[in-house]
Amino acid sequence: RYVSDVLSLSLSCRPNVCAMQHLKGTDKKYFTNCKQWYHRKICGKPTVITYECCPGYEKIPGERGCPAALPLVNIYNTLGVVGASTTQMYSERAQMRNEIEGPGSFTFFAPSNEAWAALPTEILDALVSNVNIELLNALHYHMVDRRLTSEELRHGSSFASMYQDFHVHIHHYSNGIVTVNCARLIKPDQHATNGIVHVVDRVITAISNNVHTLLDVDDDLETLRTAIAAAGLTTMLEEEGQYTIFAPTNEAFEKIPQETLNRILGDPVALRDLLNYHILKHMQCAESIVAGTPMETLQGTVLEVGCDGEHMTLNGKAIVTKKDQLGTNGVVHYINELLIPDSAKVLLELAEGSSVATATKLFVEAGLSPHLTGSEALTMLAPLEDAFRGIDTTMRPDLRKLMTNHILKERLSSKSLYHGQQLETLGGLKLRVFVYRNNLCIENACIAAHDKTGRYATMFTVDKVLTPPMGTVMDVLKADDRFSLLVGAVQTAGMTELLNQQGALTFFAPTNDAFNALPPAELNRLMRSRSELSTILRYHLGDELLVSGAVGSHTRVKPLQGEKLELGVVSPTSRNQTVYVNRVPVADPDLMATNGVVHAVNSIIKPLREFCFTLYPVNRTTPHTFLILPSSANVQTFCVIYTIYLN
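Read on for a plain summary of the structure. Just so we're clear, the structure is a prediction, and the values are computed from it rather than from any experiment.

Description of the overall build of the chain
Okay, so step 1: Regarding its fold elements, the chain presents 23 helices and 38 strands.
Okay, so step 2: When each of the 647 residues of the chain is scored for burial, the buried share is 48%.
Okay, so step 3: Taking the contacts inside the chain whose residues are at least 6 apart along the sequence as the reference set, 60% of them involve residues at least 24 apart.

Comments concerning the sheet that holds strand E21 (residues 379-383)
Okay, so step 1: What the 4 strands build is an open sheet, ordered E22-E21-E28-E27; its pairing is mixed. The open sheet has two edge strands, strand E22 (407-408) and strand E27 (452-453), and neither has a second partner.
Okay, so step 2: By the bridge criterion, 2 bridges tie E21 to E22 in an arrangement that is antiparallel. Of the residues in E22, the one forming a bridge with Met-380 is Ile-407.

Some remarks on the side chain of Asp-218
Okay, so step 1: Tracing the backbone through its elements, the reader meets Asp-218 in the loop between helix H8 (211-216) and helix H9 (222-231).
Okay, so step 2: No salt bridge is formed by the buried Asp-218, whose closest oppositely charged neighbour, Lys-322, lies at an N-O distance of 4.2 Å.
Okay, so step 3: Contact partners of Asp-218, with chain neighbours within four places excluded, come to Arg-225, Lys-322 and Tyr-334.

Some thoughts on helix H19 (residues 484-492)
Okay, so step 1: By the burial criterion, the buried members of H19 are Leu-486, Val-487, Ala-489 and Val-490. Across the axial projection of H19, the buried residues extend over an arc of 165°, all falling on one side.
Okay, so step 2: Among the structural elements, helix H18 (473-478), helix H20 (496-500), strand E29 (505-510), helix H21 (512-516), helix H22 (520-527) and helix H23 (530-539) are those in contact with the buried residues of H19.
Okay, so step 3: Once H19 ends, the next one or two residues include Gly-494, with phi positive near 70°.

Focus: the packing of aromatic side chains
Okay, so step 1: In this structure the tally under the stated criterion is 3 aromatic pairs.
Okay, so step 2: Ring geometry for Phe-434 against Tyr-436: centres 6.2 Å apart, planes inclined by 35°, an arrangement best described as tilted.
Okay, so step 3: Residue class for Tyr-436 comes out buried when judged on its relative accessible area of 14%.
Okay, so step 4: In this structure, Lys-322 packs its charged tip against the face of Tyr-334, placed 4.4 Å from the ring centre.

Topic: the state of the cysteines
What is meant by a disulfide is a covalent connection between two cysteines, made through their sulfur atoms.
Okay, so step 1: According to the stated counting rule, one finds 5 disulfides in the structure shown.
Okay, so step 2: Here Cys-53 engages in a disulfide with Cys-66; their sulfurs sit 2.0 Å apart. Between Cys-53 and Cys-66 the sulfur-sulfur dihedral comes to about -80°; the bridge is accordingly left-handed. Taken together, the residues Cys-53 in strand E4 (residues 45-53) and Cys-66 in the loop between strand E5 (57-58) and strand E6 (68-69) connect sequence positions 13 residues apart.
Okay, so step 3: Note on Cys-66: relative accessible area 2%, which makes it buried.
Okay, so step 4: What pairs with Cys-441 in a disulfide is Cys-446, and their sulfur atoms sit 2.0 Å apart.

Brief notes about the pattern of salt bridges
Okay, so step 1: Under the defined criterion, the tally for this structure stands at 27 salt bridges.
Okay, so step 2: Across the salt bridge formed by Glu-287 and Arg-202, the nearest N and O atoms sit 4.0 Å from each other. Placement of Glu-287 in the loop between strand E15 (279-280) and strand E16 (293-296) and of Arg-202 in the loop between strand E13 (195-200) and H8 is noted, with a sequence separation of 85 residues between them.
Okay, so step 3: A residue is classified by how much of its surface remains accessible, and Glu-287, at 7% relative accessible area, is buried.
Okay, so step 4: Where Arg-389 meets Asp-386, a salt bridge forms, and the shortest distance between an N and an O atom there is 3.0 Å.
Okay, so step 5: Looking at Asp-386, the relative accessible area reads 34%, which means it is partly exposed.

Focus: the packing of H19 against H23
Okay, so step 1: Their axes nearest at 8 Å, the elements H19 and H23 cross at an angle of 115°. As H19 runs across H23, the sense of the crossing is left-handed. Residues Leu-486, Ala-489, Val-490 and Thr-492 of H19 touch H23, and the partners they reach there are Arg-530, Leu-533 and Leu-537.
Okay, so step 2: Its residues assigned to classes, the contact of H19 with H23 comprises 5 nonpolar, 1 polar and 1 charged.

Things to note about the nonpolar core
Okay, so step 1: Among the nonpolar cores identified, the biggest contains 29 residues, and Leu-477, Phe-483, Leu-486, Leu-499, Phe-507, Leu-537 and Val-598 are the most heavily contacted of them.
Okay, so step 2: Not counting residues within four places of it along the chain, the set of residues in contact with Leu-537 comprises Leu-486, Ala-489, Val-490, Ala-493, Met-495 and Phe-507.
Okay, so step 3: Grouped together as the second largest cluster of nonpolar side chains are 26 residues, Met-96, Ala-110, Met-143 and Ile-186 included.

Points about the environment of Val-584
Okay, so step 1: Summarising the element assignment, Val-584 is placed in strand E34 (residues 584-593).
Okay, so step 2: Residues Val-584 and Ile-605, spaced 21 residues apart in sequence, show a C-alpha to C-alpha distance of 6.9 Å.

A look at H23
Okay, so step 1: Those residues of H23 that sit buried are Leu-533, Ser-534, Leu-537 and Tyr-539.
Okay, so step 2: The inward-facing, buried residues of H23 abut H19, E29, H22, strand E30 (541-542) and strand E32 (565-570).

What to know about the sheet that holds strand E14 (residues 243-248)
Okay, so step 1: Taken together, 4 strands build an open sheet; the order of strands is E15-E14-E20-E19 and the sheet is mixed. Two strands close off the open sheet at either side, each with one partner strand: E15 and strand E19 (320-327).
Okay, so step 2: One ladder, built from 5 bridges, connects E19 with strand E20 (residues 330-335); its direction is antiparallel. In the sheet register, Leu-326 faces E20, and the bridge partner there is Val-331.

Topic: the packing of helix H15 (residues 357-365) against helix H17 (residues 397-404)
Okay, so step 1: Two elements in contact, H15 and H17, have axes separated by 9 Å at closest approach and are oriented at 110°. By the angle class used here, H15 and H17 are roughly perpendicular. Our pair here, H15 against H17, has a crossing hand that is left-handed. Residues Ala-359, Leu-362, Phe-363 and Glu-365 of H15 form the contact with H17, whose own contacting residues are Leu-399, Arg-400 and Met-403.
Okay, so step 2: Considering only residue class, the contact of H15 with H17 consists of 5 nonpolar, no polar and 2 charged.

Concerning the environment of Asp-267
Okay, so step 1: Secondary-structure assignment places Asp-267 in the loop between helix H12 (258-265) and helix H13 (268-276).
Okay, so step 2: Residues Asp-267 and Ala-344, 77 residues apart in the sequence, show an inter-C-alpha distance of 9.0 Å.
Okay, so step 3: Those residues in contact with Asp-267, other than ones at most four positions away along the chain, are Arg-455 and Tyr-456.
Okay, so step 4: There is a polar contact of 3.4 Å between the side chain of Asp-267 and the side chain of Tyr-456.

Criteria and thresholds
Just so you know, the residues in each chain are numbered from 1, in the order the chain's sequence is written. With pLDDT at 70 or above as the cut-off, local features in this predicted model cover only qualifying residues; side-chain atom pairs require 80 or more to be listed or tallied, and sums for whole chains, interfaces and linings still use all residues. Side-chain metrics in this entry use all non-hydrogen atoms of the structure; hydrogen atoms and water are not considered. Helix and strand labels come from DSSP, where a helix needs a run of H or I of at least four residues and a strand needs a run of E of at least two; each type is numbered from the N terminus. For the exposure calls, accessible area comes from a 1.4 Å probe over protein chains only, and a residue counts as buried if that area is under 20% of its type's maximum, exposed if over 50%, partly exposed in between. Throughout, a contact is declared for two residues whenever any of their heavy atoms are within 4.5 Å. A pair of strands is labelled paired if DSSP reports no fewer than 2 bridges between them. Just so you know, the count uses Lys and Arg for positive and Asp and Glu for negative, and it drops His and the chain ends. Basic side-chain nitrogens of Lys or Arg form a salt bridge, by our definition, when they fall within 4 Å of a carboxyl oxygen of Asp or Glu. Directions are taken from the helix axis to each C-beta atom, and the arc is the one they span. Planes of paired rings set the category: under 30 degrees apart is stacked, over 60 is edge-to-face and the rest tilted, where pairs are Phe, Tyr or Trp rings (Trp by its six-membered ring) whose centres lie within 6.5 Å. Charge-over-ring contacts are defined here by two conditions on Lys NZ or Arg CZ: a distance within 6 Å of the ring centre and an angle within 35 degrees of the ring normal. Throughout, a disulfide means two cysteine sulfur atoms within 2.5 Å of one another. For every element, the axis is a line fit to its C-alpha atoms; helices are fit only across the contacting stretch, and the angle between N-to-C directions ranges from 0 to 180 degrees. Crossing handedness: left-handed means the near helix sits turned counterclockwise from the far one by under a right angle, and right-handed means the same turn made clockwise. Three classes are used: nonpolar for Ala, Val, Leu, Ile, Met, Phe, Trp, Tyr, Cys and Pro, charged for Asp, Glu, Lys and Arg, and polar for all others, with Gly counted as polar. To define a nonpolar core, start from buried Ala, Val, Leu, Ile, Met, Phe, Trp, Tyr and Cys residues and group those joined through side-chain atoms within 4.5 Å. In these notes the angle categories are as follows: under 35 degrees is roughly parallel, over 145 is roughly antiparallel, 65 to 115 is roughly perpendicular, and the rest is oblique. In protein, a polar contact means a hydrogen-donor-capable atom and an acceptor-capable atom, both N or O and within 3.5 Å, with residues adjacent in sequence counting only if both atoms are side-chain atoms; elsewhere, any N or O pair within 3.5 Å suffices.

Right, dumping it as structure tokens:
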């Protein structure tokens, strides 16, 4: 593919060679050269590229490209060689031939043959039946009484046409596409002796109404008109500007549950946000889109405006039913689905629009719907789907209480959270905030997506179901039968007070399986030795609180005794990652305590041993064979013959 692209670019960059990209399965064509090179895919569809001499040039045998320049001809004759012969024919029928053959300097935005063929029959018949007036006026509207190259067609500019000085409106987009009244220039800069021809992909019509008037005269937009008036946006849409309006039809409003629609229509703030979410700050013609692009709305967030073949899309959906209804201050595209921004939603609607279906179901089953649909200032902690794997989600009193503790009593932004902050839940618990280098966590649950800020409340998507602290580290150990031997060892080592006192500890807690893996004689000796138990257990205790979500690929923790603990994760980008401490996997992470966190391990953790070796060539006749010896005398001596095989 790379070689093919380079070859194609090389061909198109030869002197006066032009390429025509035809979008497979559609009638769309893109005329390109070195200065206008599009990708092989447009609107997600592959293109077929053909090469030809640019108009006005011919090949010379034995030479590269099309170096022979043909004599320029007048506009009338130019129309015949650039794919606009129908425009040429109608110009003669409208008695314009003498005008565009004679002296002057004109710009002619000439509809292609396909553009005329695409006109509805009744419109075309109306134009040509009265050739002295309608057809002449229509063609004059495609002309400007001066020569304008595509470089002079600047974004947002307009020029008086030769039809009663009605202006044509130009948009020159950053991707190289140029439009006039939203018609795309498919063959720009076709020079003539008396001007220049730009072939366009549709017949354009004069514009006299602003976008509000366009909305006001269409019965299919009655609900939208009512909403605009209620939100006080009428004046804005009548004033000068360059707006793009994605106009929901009556059908689009009817698809919304009546209760939701009534709530938004009755709330001026939510209604204004809803409508502004349908309006872009700049004018975007449909033909300017060749791939999905995020675009800022008047509401402040973005819509992804894209295309799929011939269909214009919004946020990946082909919901645009009518395109490019042009006004003097913008363009209107009709859509059959209402776009509701997060800022107009209540908590339940935020959750229903996210990947937290199980959490949403449990919030409702826990009887929390009044909080989720009301106007309270709250923050919901909504665990992702994977967080519930292996958890019994049958509603019961303890689960109801847990879900209540996933809702905080105030509206928060994740950007305002700080380390050590305490947050109160609807259930009355206090949850702690932990700020790490690579994560932001509330207890064991780390924030996994951007905030969703609703009308009254906010939703944080988190990676785990909360396990609120229910006691000290010692209480956690005593409440879990897996740690019965560890509890005895802690008491023998005289560390009970340490694990009960206020602090922020991380305990990599050996389970009964970890102790029972020791030889019986060694276990018996260890469990009677206060000093040895204290040394070992203190090496399992970190002097900071580190939940599993804070562990990166290489994380170090300072233990209460010893040099360091090396932490890491397998599949660090996965939600179901496994944490390792000194290469020992954590069997059960994030047992939260009021003074720390417990991570269960099934092995006693030992310090990692570091070895440094020196490679010595064995002899000169075998230069790729080495003797590996320890570099330090305090390392047990051994040697290995290591042969390096080179390809």
